[in-house]
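Survey of secondary and tertiary structure
Now for the letters of each chain:
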Amino acid sequence: MFTLAEVASLNDIQPTYRILKPWWDVFMDYLAVVMLMVAIFAGTMQLTKDQVVCLPVLPSPVNSKAHTPPGNADVTTNIPKTDAATNQDHDGRATNDISFGTSAVTPDIPLRATYPRTDFTVQNQEAKKEKKDPTGRKTNLDFQQYVFINQMCYHLALPWYSKYFPYLALIHTIILMVSSNFWFKYPKTCSKVEHFVSILGKCFESPWTTKALSETACEDSEENKQRITGAQTLPKHVSTSSDEGSPSASTPMINKTGFKFSAEKPVIEVPSMTILDKKDGEQAKALFEKVRKFRAHVEDSDLIYKLYVVQTVIKTAKFIFILCYTANFVNAISFEHVCKPKVEHLTGYEVFECTHNMAYMLKKLLISYISIICVYGFICLYTLFWLFRIPLKEYSFEKVREESSFSDIPDVKNDFAFLLHMVDQYDQLYSKRFGVFLSEVSENKLREISLNHEWTFEKLRQHISRNAQDKQELHLFMLSGVPDAVFDLTDLDVLKLELIPEAKIPAKISQMTNLQELHLCHCPAKVEQTAFSFLRDHLRCLHVKFTDVAEIPAWVYLLKNLRELYLIGNLNSENNKMIGLESLRELRHLKILHVKSNLTKVPSNITDVAPHLTKLVIHNDGTKLLVLNSLKKMMNVAELELQNCELERIPHAIFSLSNLQELDLKSNNIRTIEEIISFQHLKRLTCLKLWHNKIVTIPPSITHVKNLESLYFSNNKLESLPVAVFSLQKLRCLDVSYNNISMIPIEIGLLQNLQHLHITGNKVDILPKQLFKCIKLRTLNLGQNCITSLPDKVGQLSQLTQLELKGNCLDRLPAQLGQCRMLKKSGLVVEDHLFDTLPLEVKEALNQDINIPFANGI
């Protein structure tokens, strides 16, 4: 046997799931418990007390006078008449053929005779003398035969519904219970429901929810006060002037007019504004991430909704089925039954009259069960009406948006929407508090509070460093926003913001009077109007690193006092059509433009800044730069770098740049430079960098570029240096490192102004003595060659500060190195064993005053 509690457990769910149980589900659960109690009570009564009591139907004698005592003609018996004939066997037992229409009799009760009162005793004595048998109808059945007949007639005479009603009711009730809670048990929906309930509970109890709603109440109260007093004031940091260069309406500025608040409900008391501790802040941020992932997972399907509809339809169909067949069997339950078991050969009787002692009880229980199932069915019909009356696969937070400051709470759909509809039937406050974690505005506020709580002024001060230009620099990396305390660092020179997608620059930046350089690395920052005005007037250098051109803030192109602009990212004209560079014409004071991208042509709109641009740098990622005609218009460019552009020859457009002073064509595929003769028209050209190419020879025409002071041919395929190079009397720096040069011409002594010579990584084995006539040499790099000896005349290089000899075949160093007064050990790059070959006094001279230049600098 099982207890009621064991069966009722089928209807149990986790307590936390009750928020997903609307009133009709709760009511049906209680009805199911009542039906379960009815079924178990009926079953218990049937198992313990249900029985059938049967007696055989006896016939009346054919000739009653034959048995009447003499002198008693007035005796009557209470034996009912039957239509069947009565036959008496030799034992005196009567057998009857009784039809099912006979009236009920009780044969085993002795029949009483009525005699006249006079002479009663005499007559009785005479009757006893004539007949010794007792009065009444004798059946001659023993106890075992009665038990046998009762059991036979229980199965034959009773209708099946009278015997199995409790079990059917129990089975139906269990099916209804399982159907009601199946969506909580089905694996594919149970996990989603469990996750939803868990997140919903945490969102409801989160301190951030209380704080966010408190802020809303506070803001509503302030707005109500403003409405009552009629005060209309603008925020102080919003500029209402229409200065030249102000961003247009499409510019991504922060509109500080505030969010829309509802003023319908007056707020009497403003809740206190608490500050979240670090633990609560981290938990709230984790909840935002969980809600975001859960929404993306649940909104993809509507399985929960469909399963709930299906189980409701099943319960409705079950109700109709139970009602249809049960109503027909109410009248079949009866107290009296006629039984004809066909066991005459065992008992001597053919028909028995039986009574069912549980008939009245079962009938009352059945009527009660039908009443309960009717109520249950009507609730199922109402549930179906609710399911199809409104679109439950869509949920709108319109009311929440109106009552709170979070106007960006999105509407949801599918299973997510259905779960929220179910929660609303329990308590609408749950969905209101849950909506806080769907709002990006709410999430940004949380991030701002947590960020300011973590990044205090003292902590930011500790992260300030000095860069190569000896400027104070602060680098913020992968934060949720820009801490407010940053704008209190008034002495900061350089601010770097990297991977901060929600960066906002408020009006407080106007306090940073020393700020002149700003870096935005994958950081599409938004600025307030006052902040933009400050940046427009004070910012001098801006670095923007992006993946897509849309990440470049529009206000960048309106900084009229900007001097340097560095753009690093994808600007391919085929994909983006140079959308981001169309507004460069507003940068009226731009001097340096650095573009590191994948251009196939020099954008024509770069010429918008041509009149004042002095330096243009294009670093391609290996994409071939095909069209360079736009360069001809940049007449004032003094420095031009075209690196990694897959150029095969020197572009002709360069020869038109009459003010060009420095040309850098690093990392291209240039093989020949016969066009170098055209450089003679560039009278101001002083530096030519053709390093990291595939140049084999330097043409003699290079002698016509007489104003060259620096010449870089490192990392090429040169095998010799032409004499024409040494006719460049103004040459101060010559770099031919990492080539295949095997000999240094003696004409090198003609370069009397040469200060830096780099021949590292070649095949030079002998150093000509004329080399040491270049007495102005300060840097002499001869490493990784095949030099076997260093001439003693090296001592003539009195201004030498750096000498590299490492990687050669030297066996000693000349003592004349001691005559190089400017050379110290830190500038002598040589193996340790060669340094030890120097005389002691030379080594002491090289080691002397190593730190003096640094000390003097201090």
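Quick notes on the rules
Residues numbered from 1 in each chain as written. Predicted model: local features only at pLDDT ≥ 70, side-chain atom pairs only at ≥ 80, totals over all residues. Heavy atoms only, no water. UniProt positions renumbered as here; feature names shortened; annotations may be inferred. Helix = DSSP H or I, 4+ residues; strand = E, 2+ residues; numbered from the N terminus. Buried < 20%, exposed > 50% of the residue type's maximum accessible area, 1.4 Å probe, protein only. Disulfide = S-S within 2.5 Å. Contact = heavy atoms within 4.5 Å. Pairing = 2+ DSSP bridges. Axes fitted to C-alpha atoms, helices over the stretch in contact; angles between N-to-C directions. Phe/Tyr/Trp six-rings, centres within 6.5 Å; stacked < 30°, edge-to-face > 60°. Lys NZ or Arg CZ within 6 Å of the ring centre and 35° of its normal. Arc of directions from axis to C-beta.

The name an unreviewed UniProt entry gives the chain is Volume-regulated anion channel subunit lrrc8d, with Saguinus oedipus as the organism. Taken directly from UniProt, the Subcellular location (unreviewed entry) text for the chain runs: "Cell membrane". As recorded by UniProt, the Sequence similarities (unreviewed entry) comment attached to the chain reads in full: "Belongs to the LRRC8 family."

Some remarks on unusual backbone geometry
With phi around 60 degrees, Asp470 is a residue other than glycine that occupies positive phi space. Mapped onto the elements, Asp470 comes out in the loop between strand S8 (465-466) and strand S9 (472-477). For Asp470, a relative accessible area of 52% gives the class exposed. A positive phi angle is found at Met478, which is not glycine, with a value near 55 degrees. Structurally, Met478 is set in the loop between S9 and strand S10 (494-498). Judged by relative accessible area, Met478 falls into the exposed class, the value being 55%.

Some points on the state of the cysteines
Tallying each qualifying case throughout the model produces two disulfides. Here Cys54 engages in a disulfide with Cys354; their sulfurs sit 2.0 Å apart. Disulfide Cys54-Cys354: torsion about the S-S bond near 110 degrees, hence right-handed. A residue pair is termed long-range when its members are at least 10 positions apart, and Cys54 in strand S1 (residues 52-56) and Cys354 in strand S5 (residues 352-356) qualify at 300 residues. Cys354 carries the same exposure label as Cys54, and that label is buried. Each disulfide of the chain joins two cysteines, and with those cysteines numbered along the sequence the arrangement is 1-4, 2-3. Distance from the sulfur of Cys809, which forms no disulfide, to the nearest cysteine sulfur (Cys786) is 5.6 Å.

Concerning the UniProt feature "transmembrane region" (unreviewed entry) in the chain
The UniProt record annotates "transmembrane region" (unreviewed entry) at residues 27-47, 164-184 and 366-388. Between the C-alpha atoms that bound residues 27-47 there is a distance of 30 Å. The span itself is 100% helix and 0% strand. Annotation note: span residues 366-388, helix share 100%, strand share 0%, distance between end C-alpha atoms 33 Å.

Describing the environment of Cys521
Within the secondary structure, Cys521 is located in strand S12 (residues 517-521). The contact partners of Cys521, leaving out residues within four places of it in the chain, are Leu497, Glu498, Leu499 and Lys545.

Quick look at the sheet that holds S5
In sheet architecture, strand pairing relies on hydrogen bonds along the backbone and comes in two forms, parallel and antiparallel. The antiparallel open sheet is built from three strands, whose spatial order is S1-S5-S4. The strands lining the two open edges of the sheet, one partner per strand, are S1 and strand S4 (336-339). On average, adjacent strands in this sheet sit at an angle of 25 degrees to one another, irrespective of strand direction. In the sheet, S4 pairs with S5 via four bridges, with the strands oriented antiparallel.

Quick notes on the packing of aromatic side chains
Counted under the stated rule, the structure contains 33 aromatic pairs. Geometrically, the ring pair formed by Tyr325 and Phe329 is edge-to-face, given 6.4 Å between the ring centres and 70 degrees between the ring planes. Taking relative accessible area as the criterion, Phe329 reaches 22% and is therefore assigned partly exposed. Note that Lys666 overlies the ring of Trp691, its terminal NZ or CZ placed 4.8 Å from the centroid. Above the ring of Tyr712, the side-chain terminus of Lys689 is found at 5.2 Å from the ring centroid.

Section: helix H20 (residues 840-847)
Since the α-helix packs 3.6 residues into each turn, any two residues three or four apart lie on the same face. Of all the residues in H20, the buried ones are Val842, Lys843 and Leu846. Projected onto a plane normal to the axis of H20, the buried residues spread over an arc of 100 degrees and lie on a single side. Exposed residues on H20 whose side chains face more than 90 degrees from its buried face are Leu840 and Glu841.

Side note on the environment of Leu754
The topology assignment puts Leu754 in the loop between strand S22 (733-735) and strand S23 (756-758). Residues Leu754 and Gln729, spaced 25 residues apart in sequence, show a C-alpha to C-alpha distance of 8.5 Å. In this structure Leu754 touches Leu731, Arg732, Cys733, Leu734, Lys776 and Leu777, once residues within four positions along its chain are discounted.

Some words on the pairing of strand S14 (residues 541-545)
Regular strands have side chains that alternate between both faces of the sheet. Of all five residues in S14, four are buried; the element is thus mostly enclosed. Across five bridges, S12 lies against S14 in parallel orientation. Bridging from a neighbouring strand, His519 pairs with His543 of S14. Examined bridge by bridge, S14 and strand S15 (residues 564-568) share five bridges and lie parallel to one another. Bridged to Leu542 within S15 is Leu565.

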